[in-house]
Amino acid sequence: MSYTSTFLINNVMPIDIKIKERAAVERVKLLGKEQDENINIDLEKTVPVTSLPHPGKRIIKEYLKIVDHNEINTRIANEKISIFTDGSKLNNHTGAACIVTKNQQLIDQKKWKLADHCSVFQAELLAIKMSLLQFQPESNVTVQIFSDSRSSLEAIRDCNNCHPLVIDINNRIGELKEIGTNVYLYWIKAHTNYVWNEMADQLAKAATMESFAVEEYNKMPVSTFKHEYRQKANAEWTARNTEASTGRWTVRLIPSLATAERVQSKLGMSKLLTQVLSGHGATRHYLCRFKIIEDGTCLCSSNKQQTTEHLMLECPIWENSRHCITIKHGISQTDLANWHIILGKNNDLAQGIGSAS
Ligand SMILES: [Zn+2]
């Protein structure tokens, strides 16, 4: 079987492309530079363990879950400073914001822009960090932060988390505690039309659109550039498949990497399925090629070579079965050679063809 077919059927990236991808990722992690263009990437790095506070001094900042609007109203109807934070990623731009209330009255609002490559997670954390930094509460005032980002609150409560924004938040909470200001964290559900949370959401969205605003945070998350390099590697693999002189039948059946992934996840792999996808099955053409039989012509009336393609798409012997399948699933006969379409249909068709093969 050709390299093209082998890698595609098994949905395994060719080793040379994989090595290049990993090398590029590791280079950026180590040096903060792109491999070819020597472009500097300001990568978000975790805080080294040696720079963390002593374990005995690390705070475990728990959060409370609130689902009821009345409960939020009760909690904010007092002299405490209540801050609603939110982060947003919209049209590939990232923003963060907070709404500050006291006695259920709006007393301030702020928004911040992040670099476009930043994630929502970073935006949510930045919103909490900046809220705590920019408001200088008097001593002995209680500050309540309401966030709809559970992942951020989970990161904050994890005293071993080394994310730089999480460390900044925990340090700030510690500083405030020293002047007698206690910070309480609450998780509220997103999109429940709670007025202050909706305002924070709208403000964060507005921040994403401020194209000329100074970026308050621009570190690129590791996940972003890993994703970018994976996209590049996939593009190289796809181009190689398209241009390959071997494995044409496999590339025709599996035209994209997404299809390769679905073939694996929906059908699994079997000896017969591999034969169909590679075209290297016990067809007469194949047996003749290896001189096991003398004539590779199909037993039908077409006088054509009995290849997998012929059996699947043309052979009159299978015309009835093809007709039934195409009618039942609303596809054309040529669609039978495009597994992107077959696997996009219901599971019955994919499983049926998988087991029939
Ligand atoms: Zn035939």
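Residues numbered from 1 in each chain as written. Predicted model: local features only at pLDDT ≥ 70, side-chain atom pairs only at ≥ 80, totals over all residues.

### A short note on the overall build of the protein
Across its full length, the protein carries 16 helices and seven strands. Its C-alpha atoms give the protein a radius of gyration of 29 Å, clearly above 21 Å, the size a compact globule of 357 residues would have. Seen through its C-alpha atoms, the protein measures out along the principal axes to roughly 95 × 45 × 40 Å. When the 357 residues of the protein are sorted by exposure, 29% land in the buried category. If you take every contact in the protein between residues at least 6 apart in sequence, the share linking residues at least 24 apart comes to 68%. (Helix = DSSP H or I, 4+ residues; strand = E, 2+ residues; numbered from the N terminus. Rg over C-alpha atoms; globule rule 2.2 N^0.38 Å. Buried ≥ 20, exposed ≤ 12 C-beta atoms within 10 Å, placed from the backbone. Contact = placed C-beta atoms within 7 Å.)

### A closer look at the packing of helix α2 (residues 15–31) against helix α8 (residues 222–243)
Angle between the axes and distance between the axes are the two parameters that describe a pair of packed helices. Following both chains from N to C, one finds α2 and α8 inclined at 155°, their axes separated by 10 Å at the closest point. By the criterion of interaxial angle, the relationship of α2 to α8 is roughly antiparallel. The hand of the α2/α8 crossing is right-handed. Two secondary-structure elements touch here, α2 through Ile17, Glu21, Ala24, Val25 and Val28 and α8 through Phe225, Lys226, Tyr229, Arg230, Ala233, Glu236 and Trp237. Residues belonging to the contact of α2 with α8 are distributed by class as follows: eight nonpolar, no polar and four charged. (Axes fitted to C-alpha atoms, helices over the stretch in contact; angles between N-to-C directions. Parallel < 35°, antiparallel > 145°, perpendicular 65-115°, else oblique. Left-handed = near helix turned anticlockwise from the far one by under 90°. Nonpolar A, V, L, I, M, F, W, Y, C, P; charged D, E, K, R; others polar.)

### Here's the deal with the pairing of strand β3 (residues 93–102)
Burial runs high along β3: eight of the 10 residues are buried. Across 10 bridges, the pairing between strand β2 (residues 81–90) and β3 is antiparallel. Bridging from a neighbouring strand, leucine 90 pairs with histidine 93 of β3. Two elements, β3 and strand β4 (residues 105–114), share nine bridges in a ladder whose sense is antiparallel. Bridged to alanine 97 within β4 is lysine 111. (Pairing = 2+ DSSP bridges.)

### Some points on the domain arrangement of the protein
Taken domain by domain, the protein holds domain 1 (49–219) and domain 2 (247–356). Between domain 1 and domain 2, the C-alpha centre-to-centre distance is 55 Å. (Domains from an automatic or database assignment.)

### Looking at the sheet that holds β2
The seven strands lie next to each other as β1-β6-β5-β2-β3-β4-β7, forming an open sheet whose pairing is mixed. Of all the strands in the sheet, just β1 (63–66) and β7 (215–217) have a single pairing partner and so form its edges. When strand polarity is set aside, the average angle formed by the axes of neighbouring strands in this sheet is 35°. Across five bridges, the pairing between β2 and strand β5 (residues 143–147) is parallel. The residue bridging serine 82 from the neighbouring strand is glutamine 144, located in β5.

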